[in-house]
Amino acid sequence: YPVRESLGDLLLATGRAADAEVVYREDLKRTPENPWSLHGLAQSLRMQHRDKDAAAIEERFRRAWSHADLEFQPSRFEAFLVAKQGQPAVVAGSRD
């Protein structure tokens with residue numbers, strides 16, 4: 001399991017978007033075009049109000065996920081963090 005994704009999710013949940021960006025970019029060096037890291041990177045950029053950069057990463061995410069045979073779901077850790085914030089969590093089909 002790629003722990004860096006969970007670290008990025010935790011950094012996002014605690015408002016540390018710039019730190020999360022560094023973690024996701026490092027993960028993408030190790031696992032290029034990893035959809036979960038692309039998703040997290042786009043979120044971190046949006047949180048930093050870097051919408052143009054986020055849009056470019058979201059396009060990379062769409063291309064990376066275009067051949068998948070299941071619907072994208074956040075990691076279970078990300079879903080847990082969202083649930084802790086009082087939002088509904090979707091975990092069916094999510095990545096462990």
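Chemist: Any chance you could explain the packing of helix H1 (residues 3-13) against helix H2 (residues 17-30) here in plain terms?
Modeler: Helix-helix packing is characterised by the crossing angle of the two axes and by the distance between the axes. Interhelical geometry of H1 versus H2 gives an angle of 165 degrees and a closest axis separation of 8 Å. As the angle between them shows, H1 and H2 are arranged roughly antiparallel. Considering only the axes of H1 and H2, their crossing is left-handed. Taking contact as the criterion, the partners of Arg 4, Glu 5, Leu 7, Gly 8, Asp 9, Leu 11 and Leu 12 in H1 are, on H2, Ala 17, Asp 19, Ala 20, Val 23, Tyr 24, Glu 26, Asp 27 and Arg 30.

Chemist: Hey, could you run me through the packing of H2 against helix H3 (residues 35-47) in this one?
Modeler: In the contact formed by H2 and H3, the axes pass within 9 Å of each other and the chain directions differ by 155 degrees. As far as their axial angle goes, H3 and H2 are roughly antiparallel. Seen from above, H2 lies across H3 with left-handed handedness. On the side of H2, the interface is formed by Ala 17, Ala 20, Glu 21, Tyr 24, Arg 25, Asp 27 and Leu 28, while H3 contributes Trp 36, Ser 37, Leu 38, Gly 40, Leu 41, Ser 44, Leu 45 and Met 47. Classifying every residue of the contact of H2 with H3 by side-chain character gives nine nonpolar, three polar and three charged.

Chemist: Help me understand the nonpolar core in this model?
Modeler: Most often, soluble globular proteins keep nonpolar side chains buried together rather than apart. Leu 12, Ala 20, Tyr 24, Leu 38, Leu 41, Leu 45 and Ile 57 are the most contacted members of the largest nonpolar core, which totals 16 residues. Of all the elements in the fold, those that place two or more residues in this core are H1, H2, H3 and helix H4 (51-65). Excluding residues within four positions of it along the chain, Leu 41 makes contact with Glu 21, Tyr 24, Arg 25, Leu 28 and Ile 57.

Chemist: Looking at this structure, I do not really get the pattern of salt bridges. What am I missing?
Modeler: Should the charged atoms of two oppositely charged side chains come close, the side chains can pair. By the definition in use, this model includes 11 salt bridges. A salt bridge links Arg 60 to Glu 33; the nearest nitrogen and oxygen atoms lie 2.5 Å apart. Placement of Arg 60 in helix H4 and of Glu 33 in the loop between H2 and H3 is noted, with a sequence separation of 27 residues between them. Put simply, Glu 58 and Arg 46 hold a salt bridge, and the shortest N to O gap is 2.7 Å.

Calculation rules
Residues numbered from 1 in each chain as written. Predicted model: local features only at pLDDT ≥ 70, side-chain atom pairs only at ≥ 80, totals over all residues. Heavy atoms only, no water. Axes fitted to C-alpha atoms, helices over the stretch in contact; angles between N-to-C directions. Helix = DSSP H or I, 4+ residues; strand = E, 2+ residues; numbered from the N terminus. Parallel < 35°, antiparallel > 145°, perpendicular 65-115°, else oblique. Left-handed = near helix turned anticlockwise from the far one by under 90°. Contact = heavy atoms within 4.5 Å. Nonpolar A, V, L, I, M, F, W, Y, C, P; charged D, E, K, R; others polar. Core = buried A, V, L, I, M, F, W, Y, C linked by side-chain atoms within 4.5 Å. Buried < 20%, exposed > 50% of the residue type's maximum accessible area, 1.4 Å probe, protein only. Salt bridge = Lys/Arg side-chain N within 4 Å of Asp/Glu carboxyl O.

Function cannot be read off these values alone, since they describe shape.
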